[in-house]
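# Analysis of the macromolecular model
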Amino acid sequence: MDALLNHLFPDTAAVENGELELGGVPASELARRFGTPLVVYDEQTLRAQAQAYRAAAPGALIAYGTKAFPSVAVLRLLAEEGLGADVSTAGELEFALRAGLPGERLVIHGNNKEEELLRRAADADALIVLDSLDELERAKASGGARFLIRVTPGIEADTHEAVKTAHHGSKFGLPPEDAVEAIRRLPECEGLHVHVGSQLMHFGAALMTVDWVAQFAARLRAELDWTPGTIDLGGGLGVRHVIEEPSFTVAEFVGGLVGELQRAFQLQALPSTALVLEPGRSLVSRAGVTLYTVGAVKRASAATTYVTVDGGMSDNPRPAMYNARYTALLANRVDEPAAEAYAIAGKHCESGDVLIERVELPAPRRGDVLAVPVTGAYTLAMSSTYNAVPRPPAVLVSNGEARLIRRRETVDDLLALELYQSL
Ligand SMILES: *Cc1c(COP(=O)(O)O)cnc(C)c1O
């Protein structure tokens with residue numbers, strides 16, 4: 001229990017009178033006040049993760065991978081810590097601008113950037129990461145002036161197929177030959193971008209990528225007399241969702257990358273560059289805890305008892321999409337000994353809607369509050385309204401206070417899109 005609280009829950013997680021507290025607020029009080037499902041973000045953990053990145057890479061631009069959880073409040077909080085944002089659609093860019101982020105802290109991605117994104121990015125004087133040869137002309141025509149070239153090194157990251165991005169054949173970035181051509185056409189471009197993949201639990205591929213970038217930069221110097229002024233190493237640091245998975249600190253991962261970059265550039269006698277990092281998951285994931293209310297408890301077979309909660313794949317599609325594993329505890333009875341192992345099922349009309357296949361808990365009863373940690377990234381961000389289930393709200397907790405940062409969607413919100421009066 002202590003290991004779970006210390007390693008998977010936010011920094012402020014504590015047990016008071018047998019109850020889970022987050023940011024000094026009892027989980028059951030949060031559930032009562034805001035309803036469930038509810039995603040709770042711990043302000044202290046968000047700030048600590050941002051500070052860890054800043055400390056591990058002094059002087060670098062740390063651009064939050066907005067897609068992990070697009071939230072104006074979170075973007076503002078991270079901006080206060082000196083971070084910027086990486087955005088990949090016109091929508092995400094509006095979130096970042098609404099948070100008050102200046103263009104010099106914005107990095108623009110997308111393998112098929114819409115006109116609107118290019119225009120708004122140029123207006124903000126943001127750094128545009130070019131992802132195809134035809135985008136060069138489009139981005140310049142839209143008024144863009146600051147560019148990186150995203151190059152695909154052909155390195156296989158050891159992660160889920162869906163979140164690998166640096167292998168040959170990836171839909172992202174330019175193959176090396178095209179990247180050389182891009183720089184020939186656009187020598188004023190500021191530097192190079194690479195992103196190995198997401199949810200990396202080993203450093204090997206990331207370090208190989210850094211070495212590859214240095215060699216590629218040496219080739220560009222030899223062929224075009226061009227050297228990068230900026231290297232953007234993307235994001236990707238993985239987080240553990242269950243205690244059995246490996247884990248790395250921001251300091252270990254970023255320290256390793258920065259050291260390797262310096263070594264590899266020195267080896268090629270290349271001048272040192274400005275650095276950009278784009279962490280998403282590792283900034284916000286452990287800060288987030290999802291609270292559910294337990295409903296039906298059902299023994300399905302001798303081996304399986306289902307504990308059904310009031311959310312599921314609509315608020316967290318990761319188990320269904322990536323076979324992601326999670327754990328949980330009963331927030332209102334943390335101290336009680338486990339009775340047996342349960343499967344946590346969602347409420348959606350799909351057998352695959354199982355959030356956790358097996359977790360030991362005290363015998364759950366209708367009305368208990370179930371807390372699932374490490375759900376701050378790629379959960380609400382990827383949520384849907386499947387089964388016409390409105391999406392949950394998010395609150396930020398700190399020093400005994402809770403502030404709503406995203407309101408609960410309502411059935412009326414869903415119905416507002418329906419046009420049927422004229423039928
Ligand atoms: C998704 C993405 C990120 C963030 O990745 P995390 O694994 O969440 O750190 C950063 N940069 C690019 C280009 C991405 O596609």
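The present account deals with the structure reproduced in this document. Model, not experiment: these values are computed from the prediction.

### What about the site of the ligand?
Neighbouring residues of the ligand: 15 residues in total, closest Lys67, Ser198, Glu278, Arg281 and Tyr378. Note that a nitrogen atom of the ligand is positioned 3.1 Å from one of the side-chain N or O atoms of Asp86. Between the ligand and Tyr378, the relevant distance is 2.5 Å, taken from an oxygen atom to a side-chain nitrogen or oxygen of the residue. Relative to its unbound accessible area of 390 Å², the ligand is 93% covered by the protein chains. Assessed atom by atom at 2 Å from the grid points, the ligand resides in the largest pocket. Split by residue class, the shell around the ligand holds two nonpolar, eight polar and five charged.

### Thoughts on the packing of aromatic side chains
This structure, assessed with the given rule, holds four aromatic pairs. Where Phe203 meets Phe248, the ring centres are 4.4 Å apart and the plane angle is 50°; that geometry is what we call tilted. With Phe203 in the loop between strand 10 (191-193) and helix 9 (204-224) and Phe248 in the loop between strand 11 (230-232) and helix 10 (250-267), this pair connects stretches of sequence that are 45 residues apart. You can call Phe248 partly exposed: its relative accessible area is 30%.

### Observations concerning the packing of helix 7 (residues 133-141) against helix 8 (residues 176-185)
Direction vectors running N to C along helix 7 and helix 8 enclose 30°, while the axes themselves pass 9 Å from each other. One element, helix 7, and the other, helix 8, form an angle in the roughly parallel class. Pair helix 7 / helix 8 crosses with right-handed handedness. Where helix 7 abuts helix 8, its residues Leu133, Leu136, Glu137 and Lys140 lie against Asp178, Glu181, Ala182 and Arg185. Considered class by class, the residues forming the contact of helix 7 with helix 8 number three nonpolar, no polar and five charged.

### Some thoughts on the pattern of salt bridges
Summed over all chains, the structure comprises 23 salt bridges. A salt bridge links Glu223 to Arg219; the nearest nitrogen and oxygen atoms lie 2.9 Å apart. Pair noted here: Glu223 and Arg219 are both in helix 9, with a separation of four residues, about one helical turn. Residue Glu223 is classed as partly exposed on the basis of its relative accessible area, which comes to 44%. For Arg219, a relative accessible area of 25% gives the class partly exposed. When the shortest N-O distance is used, the salt bridge between Asp368 and Arg333 registers 2.5 Å. Of the two residues, Asp368 is situated in the loop between strand 17 (354-361) and strand 18 (369-373) and Arg333 in the loop between strand 15 (329-330) and strand 16 (340-345); the sequence distance between them amounts to 35 residues. Judged by its relative accessible area of 4%, Asp368 falls in the buried class. Each of Glu43, Arg47, Glu80, Glu81 and Arg403 takes part in one network of salt bridges that share partners.

About the cut-offs
Residues numbered from 1 in each chain as written. Predicted model: local features only at pLDDT ≥ 70, side-chain atom pairs only at ≥ 80, totals over all residues. Heavy atoms only, no water. Near = heavy atom within 4 Å. Polar contact = N/O pair within 3.5 Å; in protein donor to acceptor, adjacent residues only side chain to side chain. Areas by Shrake-Rupley, 256 points an atom, 1.4 Å probe, with all protein chains shown as cover. 1 Å grid on protein atoms, 1.4 Å probe; cavity = no way out; pocket = protein on both sides within 12 Å on 5 of 7 lines; lining within 4 Å. Sits in = over half its atoms within 2 Å of the grid points. Nonpolar A, V, L, I, M, F, W, Y, C, P; charged D, E, K, R; others polar. Phe/Tyr/Trp six-rings, centres within 6.5 Å; stacked < 30°, edge-to-face > 60°. Helix = DSSP H or I, 4+ residues; strand = E, 2+ residues; numbered from the N terminus. Buried < 20%, exposed > 50% of the residue type's maximum accessible area, 1.4 Å probe, protein only. Axes fitted to C-alpha atoms, helices over the stretch in contact; angles between N-to-C directions. Parallel < 35°, antiparallel > 145°, perpendicular 65-115°, else oblique. Left-handed = near helix turned anticlockwise from the far one by under 90°. Contact = heavy atoms within 4.5 Å. Salt bridge = Lys/Arg side-chain N within 4 Å of Asp/Glu carboxyl O.

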